[in-house]
Amino acid sequence: MTQQQDVPRRNTIDEEDPSAQPSSNVVPNDDPLQALGFSVETMTTRLSDLEARSQKAESRVSDLQVKLTQEPRASKIQVSNLQSRLAEIEMLLGLTSMRNHSNKWRKIGSNEVVLDQEIPGDIMPFLLPKDVYSIVATCDWKSKSFWIALLVIFGLQVSLLVLLLLDQIGIEDDNILGTPANVELIVRAAQILALVIALFSQSDLRQGIEGISEGLPDIYQGDEGFQTMGPARWHFAYFIRFLQGFVNLFASFVLLLQAETVFDVLLNFLGVQFISDLDDLAFSLGGKGYFGLSAQRIIQDIMQARFLRDSKPNKCRRKSHVIGIFAVLAVMVGIFSNPAIQQDEGVFAIEAVTAEFGDEVISFLGLFNGCYRARKEGPSLNRRLIYEQIGSEVDGGKFGYCDNLEDGSSEGWVFFQGVSLEDACEEYLLRSDNTNTFDLLDAAATQWYTKEGQLVDYLQVSQLPKDSVSRNFPECGLDIFNQTIDSCDLLDVPKRFDGLQDIGSLIFEKIEVSSAQAGDHFDATRSHPIYLGQSSSEIILFTGRRWVLTTAEQIGDELSSFRDDSTWNQSAVLDYFYKQDFRTIEQTQREEHPWVLAVSDIVDTTTDTGTPLALQWYNVRYDSNTNQSFPFADLTRPQEATLGCARCDDDLVRCEHGGKCVEGVCECQNRATGVLCQDAPLGDGRCDEFFNEAQFHYDGGDCCGSTCTGALCGRGGLSFAFGVDLGDNTFQSQYLDDGTIIGYENCKDPQMETFTIELVPIDVPLDDIPMTAGEDCGLEAVTVICDGVLYLRTPNLYMAESVDEVEKCHEDAPLIQPLHLPPGVKCELSRPLDDFEWFYEALIFRGNNTDSTSIRQGNNSATSLAWSVPSGCLQKVFTQYLDDANRQYDTTFPEGGAIQRMASDGTSALLCTLDEDLVMERYALTMFNVSLGLRSQTWQEHQCYGWGSGRGGIEINCNEDDQVISIENGDLYGTDMRGGTIPSEISLLSHLSYVDLSYNWDIVGTLPTEIGLLNSSLTHLNLRETSIMGPLPREIFELATLTYLDLGEAVGGTIATEIGLLSKLEYLNLEGGWGEDGYIAFNGTLPAEIGKLTNLSYLNLQKNSLSGTIPSEVWLLGSLMYMNLNSNTALGGAIPSDIGLLTSLTTLNLHSCSWGGSIPTEIGLLDNLRSLHLGNSLLNETLPTEIGLLTNLLALSLGGTKLSGTIPNEILQLPNLERIEFSGSLLTLDLTAADFSCDETIVELVVTTTNYWSNEITWEFTTEDGTVALLGGGGYFGQAPHHEKVCVPLDACSFTLFGLQSESIEITRLGKVYQIDPSWNEDSVAVNICA
């Protein structure tokens, strides 16, 4: 409420409203304390409290005023906020109430003070109701509060109630209030009680009546603004209060009437009550300040105000509101009684329903499909109506309700037939799930069971329209009857019922009654026609769920008597079926014998056409455990027989396959047969152009060689052979031989692959043609056979009649013949070449022209050409992979060779249908066989088996998912492999982790760059001693998972810095050596990036041409165990002290490098070292004694160095040292000081070789019995003497030296020297050193 609107109530703190002064004709009260209503003691306490609060308020007001002064440019919003805070202080102190409220009684409308003596003593003051309608009554109609209360609160309540009623009331329905069919008595009692409570708890209704009847009060005590109240606003406020209460009460009435359970009654009552209390809730929240300060002040004023009327109302007026309340109660009870009575009479119950039963559980339930009507007169079952089958009220099915099913603990609806109401709850056929509903539709929506507890698969119950009764229930059969009046009157059975040889009729005639003959209505059976066999006593009729095939004899003698010879007494048959209930017929057969021979598929309301045309039929299955004569449909034994219409017309029943209808009879065309020409000549081996379409499966496959199955397949299938018109009579009589012509030139099946055969004349001079007659010039018969099927056979074609026309044999005109082959076949073209001279060569093209490159070519003497057509799956896969699809056939390319092998192996096509990824792996393996020239033929069996057996095979290993994980060389070494390259298709082996093709000089070419695509799987790559040429592709460094790389004696060049990317590498062998094309080695410097290989444990770079120094990063490879840099003569410098960081080393070979300076003492830190080779280098100075710390050292090679001095005793005393080689150095050995701590005899060997290029020399010590006691040697190259000191057992007296010639060998044993001078051609020499 704005400040202007609230002027009568709001004044400043320091001013008095002049209008608040009493008028001159009002006598002021002499005692102000008495006028205020306080005693002296109360006033004293009140003044003390007000004084303290006033001081606090003055302080806060002063602060705010100062703030306003300091901010003269404050925005209007800031000023408004400060003024609001001032108003809050007023409310805190109660200053507003003190200003605008007093204990004076004033007249409404004049603000005159009323003296106490003028107030009647026997009239009690009253307060306004605590709801928003009091705001409407007291606030000026121009105020914002008035309209908020009216539109927001009242509008919200009424809108919710109206929406609720609109949702619950069906204006267009007969049952407007949505009254249920009936309710339980306990629910009825709860409805009445809730209705009474709703009326008396509806305070808005009661207060509205009281306020209107008693009118506006005369005087009040409270806020001065109440003086503006008037009768119009007062009655308006109490009228809308009454209106809201009445609508609320009406909504309660509707919802209570719709309730079907006590819980629904309670829930609906509470829901409406909540809406009714919204005005009270809004008033309460406003009083607590939830809607702002202004609303809070107004509500507090209303709550504090008291009102009086200046005179007592008369008795009639005082009791009018009481009379009104009870009048409303009487009306509500009266209104409620009417639908309650109608519920008991069944007025609101569903009048008629349709029921569809499934026959999967109880076979004869379909007989009871139809309409059911509620019986509203006569007995009922447990206050529920009984629904009877219309037209079969006596013997038909019925629905009823039982409250004592089974053991009496369950209740629900039942379906029964043929029993009394007293026995219905015990002898029922079906029952619903546990329910107490009065509505059959609600019960039908639950699960239903047989009496034995078996679940019912299908039960559909639907309500019939209200006007169905007045229209004689057309939905129950009349609609179908009218629909089938003009239906086909003759049924054709083109194929007899299988297994029913006694069924002789192939034509059935329709009979049906008129609507007048059928009675007042049609049920599901009577609405359908009956079909009688023309040649025997078969009958086809509808049983409510299925059509059945039976005979008159099967049903009974009476029906059999209606057929005389070959004619039926149709009227008697109609009387038999239509004047008695068909269900009675079925019941009479139960004790006799089964009478149904075959049944159709299910027919329901959505599929019922009124005739049995085009339905699937089944053999029958009878239940031997029951006496029911109606069978089940045996879905495991379907019949091939179908029923068609035997009468044609130009509208509904047309002749098929080009036939013409002439006076109701079809004249068939295109070799079709049948009453309606419905039997197409498919699959007889003859290609009919009319049926050569996709819808007829291309004449049932007759037009293509792979799909044709008849005896005449391909005969007459060629009109032209290589351009020659075979239909020419002259040609046939004079030139066509007696051979049978086979062909499929009209094959249109898109699944077939088209090929073209071309015969090309050979350029031979005419004079060289040895011809004596025209018969020698011609084309030999061409035959194409694929997987044993003959696809093409042409005759011998004579191209010249005489020698004078010999040039015809040499014409350049294209001689082509199309060929249509299925995917997945292996084909061979053959020609005998024995009837004519050879003047033509054969070519085969893929496609229907010869513009592309041929896939096969044979010279003029070739008698056959073979090729394979990949399966459809293989073609799809390889077409996506290859740029040129023709390469699938061209064996001049490796890809074509591989695919052709796969197309003919019998395994790849099957594998392709299972997993396309695996077939691509198989393709990659096949490329290995083709590209490497392997001669293995055992790879055909499976992806992962049969690759390693036989010479020239490779070994394949797979994981549990048949994915290739390794390729090994198997027994390739030393075989007669033709050789080849590693194919780029290796990248297709996406799970490949291990590749070892080492020691195969026949593997040539470069390493394919596609190997980099295996960057997530490959861990092992060994191509040692192959003929692969460098440089290495950069992609090899993308193999992030690689741990093993061996390219020794295979690849050279420079070591790329990208090698550092192989962060997981553990084994690296880049050894140089001799290849078939010369020496292979790496050159340049060793990249520092090799130090990034922190997992490296094996490093072999020997026999290369590396130069420079070893990067410092190499000495940081803490995992390195083997390091061989032997024979890199340009690699050197000083051995750094960082060598001591390689504490994991077991072998260190720095032989034949350009090392200089001394051996660092840090070498003694390599306590795991077993072999140390530092020979043939520029190392000088003396040996560090720290070598003596290498307790695991077995061999020490120092020959060919400039090291000097005596070998330290610490070295000689190493416990595991077996061999010291220091020949060619300046080192000396003090034998007297040397102590190997051997228990055996100490023997010194001195060996001098004569040939630098000789093989390694080895030796052995053996005992008298031939036991080898000690083996040694190796590494003896060059002219310098080699010294070794070994421990030999005392009984090992025989010394044998193996290898090529040496100048001399000296052996010292126990101080005695033995000299050996072998001859130049001796392979070995032996001496006894114990003599």
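Residues numbered from 1 in each chain as written. Predicted model: local features only at pLDDT ≥ 70, side-chain atom pairs only at ≥ 80, totals over all residues. Heavy atoms only, no water.

Caption draft 1: Region of the structure containing the pairing of strand 17 (residues 547-551). Of all five residues in strand 17, five are buried; the element is thus mostly enclosed. Note that strand 16 (residues 538-542) and strand 17 share five bridges and pair antiparallel. Its bridge partner being in strand 17, Ile-539 is matched across the sheet by Thr-550. Joining the antiparallel neighbours strand 16 and strand 17 is a turn of four residues, in which Gly-544 adopts a positive phi near 95°. Pairing of strand 17 with strand 20 (residues 598-600) involves two bridges; the strand directions are antiparallel. Paired with Val-548 across the two strands is Val-599, which belongs to strand 20. (Buried < 20%, exposed > 50% of the residue type's maximum accessible area, 1.4 Å probe, protein only. Helix = DSSP H or I, 4+ residues; strand = E, 2+ residues; numbered from the N terminus. Pairing = 2+ DSSP bridges.)

Caption draft 2: Representation of the state of the cysteines. Scanning the model with the defined rule gives nine disulfides in all. Between the sulfur of Cys-402 and that of Cys-425 lies a disulfide, 1.9 Å long from S to S. Disulfide Cys-402-Cys-425: torsion about the S-S bond near -90°, hence left-handed. Taken together, the positions of Cys-402 in strand 8 (residues 397-405) and Cys-425 in the loop between strand 9 (410-417) and strand 10 (430-432) put the pair 23 residues apart, joining distant regions of the chain. (Disulfide = S-S within 2.5 Å.)

Caption draft 3: Geometry of the sheet that holds strand 4 (residues 306-308). Within the open sheet, the four strands sit side by side as 2-1-3-4. Their pairing is antiparallel. The open sheet has two free edges, formed respectively by strand 2 (113-114) and strand 4, since each of these has just one partner strand. Direction of pairing for strand 1 (residues 105-107) relative to strand 3 (residues 219-221): antiparallel, over a ladder of two bridges. Residue pairing across strands places Lys-107 opposite Ile-219, the latter belonging to strand 3.

Caption draft 4: Inspection of unusual backbone geometry at higher detail. Of note, Asp-962 is a non-glycine position whose phi angle comes to about 65°, a positive value. Within the fold, Asp-962 resides in the loop between strand 38 (955-958) and strand 39 (964-968). Positive phi outside glycine occurs at Glu-1181, with the angle close to 65°. Considering the arrangement of structural elements, one finds Glu-1181 in strand 57 (residues 1178-1182).

Caption draft 5: Local environment of the sheet that holds strand 33 (residues 815-821). Overall, antiparallel pairing links the four strands, which are arranged 33-28-35-36 in an open sheet. The open sheet has two free edges, formed respectively by strand 33 and strand 36 (856-858), since each of these has just one partner strand. Within this sheet the neighbouring strands show an average axis-to-axis angle of 15°, counted without direction. (Axes fitted to C-alpha atoms, helices over the stretch in contact; angles between N-to-C directions.)

Caption draft 6: The arrangement of a negative patch on the surface in detail. A surface patch of like charges, here negative, comprises Glu-422, Asp-423, Glu-426 and Glu-427. Within the element layout of this structure, Asp-423 appears in the loop between strand 9 and strand 10. (Patch = residues over 30% accessible without salt bridge, like charges linked within 9 Å, V, L, I, M, F, W, Y side chains within 5 Å. Areas by Shrake-Rupley, 256 points an atom, 1.4 Å probe, with all protein chains shown as cover. Salt bridge = Lys/Arg side-chain N within 4 Å of Asp/Glu carboxyl O. Lys, Arg positive; Asp, Glu negative; His and termini not counted. Charge placed at Lys NZ, Arg CZ, Asp CG, Glu CD.)

Caption draft 7: Summary view of the packing of helix 6 (residues 144-168) against helix 10 (residues 262-276). Interaxial distance between helix 6 and helix 10 falls to 9 Å at its minimum, and their mutual angle equals 150°. The angle between helix 6 and helix 10 falls in the class roughly antiparallel. On the side of helix 6, the interface is formed by Gln-157, Leu-160, Leu-161 and Leu-164, while helix 10 contributes Val-272, Ile-275 and Ser-276. Looking at the contact of helix 6 with helix 10 residue by residue, the classes come out as five nonpolar, two polar and no charged. (Parallel < 35°, antiparallel > 145°, perpendicular 65-115°, else oblique. Contact = heavy atoms within 4.5 Å. Nonpolar A, V, L, I, M, F, W, Y, C, P; charged D, E, K, R; others polar.)

Caption draft 8: Structural context of the confidence of the model for the protein chain. Here the protein chain averages 77 in pLDDT, and 75% of its residues register 70 or above. Predicted confidence for residues 1276-1280 stays below pLDDT 50, and this span has 25 contacts to residues more than four positions away or in other chains. (pLDDT = per-residue confidence, 0-100.)

Caption draft 9: Region of the structure containing the packing of aromatic side chains. According to the stated counting rule, one finds 31 aromatic pairs in the structure shown. Aromatic side chains Trp-1074 and Tyr-1079 sit 5.0 Å apart centroid to centroid with 80° between the ring planes, which places their arrangement in the edge-to-face category. A residue is classified by how much of its surface remains accessible, and Trp-1074, at 61% relative accessible area, is exposed. Among the residues examined, Tyr-1079 registers a relative accessible area of 39% and is labelled partly exposed. What links up through ring pairs into an aromatic cluster is the set Phe-357, Phe-364, Phe-368, Tyr-372, Phe-399, Phe-415 and Trp-448. In this structure, Arg-384 packs its charged tip against the face of Tyr-401, placed 3.8 Å from the ring centre. The ring of Phe-438 has Arg-384 sitting right over it, with the charged end atom 3.7 Å from the ring centre. (Phe/Tyr/Trp six-rings, centres within 6.5 Å; stacked < 30°, edge-to-face > 60°. Lys NZ or Arg CZ within 6 Å of the ring centre and 35° of its normal.)

Caption draft 10: Examining the packing of helix 23 (residues 872-881) against helix 26 (residues 916-931) more closely. Interhelical geometry of helix 23 versus helix 26 gives an angle of 70° and a closest axis separation of 11 Å. Taken together, helix 23 and helix 26 sit at an angle that is classed as roughly perpendicular. For the pair formed by helix 23 and helix 26, the contact residues are Cys-873, Leu-874, Lys-876, Val-877, Phe-878 and Tyr-881 on the first element and Glu-916, Val-919, Met-920 and Tyr-923 on the second. When the residues that make up the contact of helix 23 with helix 26 are grouped by side-chain class, the tally is eight nonpolar, no polar and two charged.

Caption draft 11: Structural view of the pattern of salt bridges. A full pass over the atoms with the stated rule returns 19 salt bridges. In this structure, the salt-bridge partner of Glu-895 is Arg-887, at a minimum N-O distance of 3.5 Å. Take Arg-887: its relative accessible area is 28%, and that puts it in the partly exposed class. A salt bridge links Arg-1024 to Glu-1071; the shortest N-O distance between them is 3.0 Å. Of this pair, Arg-1024 sits in the loop between strand 43 (1020-1022) and strand 44 (1044-1046) while Glu-1071 sits in the loop between strand 46 (1067-1069) and strand 47 (1073-1075); the two residues are 47 residues apart in sequence, bridging distant segments of the chain. There is no split in this pair, since Arg-1024 and Glu-1071 are both buried. Through salt bridges with shared partners, a single network forms among Arg-1024, Glu-1025, Asp-1046, Glu-1049, Glu-1071 and Lys-1103.

Caption draft 12: Quick peek at the nonpolar core. Judged by nonpolar contacts, the single largest core of 97 residues is most densely connected at Tyr-923, Leu-1021, Leu-1068 and Met-1123. Of all the elements, helix 26 adds the most residues to this core, at seven residues. Look past the residues within four positions of Met-1123 in its chain and what remains in contact with it is Leu-1099, Ile-1110, Val-1114, Trp-1115, Leu-1142, Leu-1145, Thr-1147, Leu-1148 and Asn-1149. One finds Val-353, Trp-413, Val-461 and Ile-555 within the second-largest nonpolar core, a separate group that totals 54 residues. (Core = buried A, V, L, I, M, F, W, Y, C linked by side-chain atoms within 4.5 Å.)

Caption draft 13: Molecular detail of the environment of Asp-395. Here Asp-395 shows up in the loop between strand 7 (386-389) and strand 8. Assessed through its relative accessible area of 36%, Asp-395 is described here as partly exposed.

Caption draft 14: Quick peek at the environment of Asn-1180. Turning to its location among the elements, Asn-1180 is positioned in strand 57. A residue is classified by how much of its surface remains accessible, and Asn-1180, at 27% relative accessible area, is partly exposed. C-alpha of Asn-1180 to C-alpha of Gly-1157: the two residues are 23 residues apart in sequence and 5.5 Å apart in space. Once you skip the residues sitting within four places of it in the chain, Asn-1180 turns out to touch Gly-1157, Ser-1158, Lys-1202 and Leu-1203.

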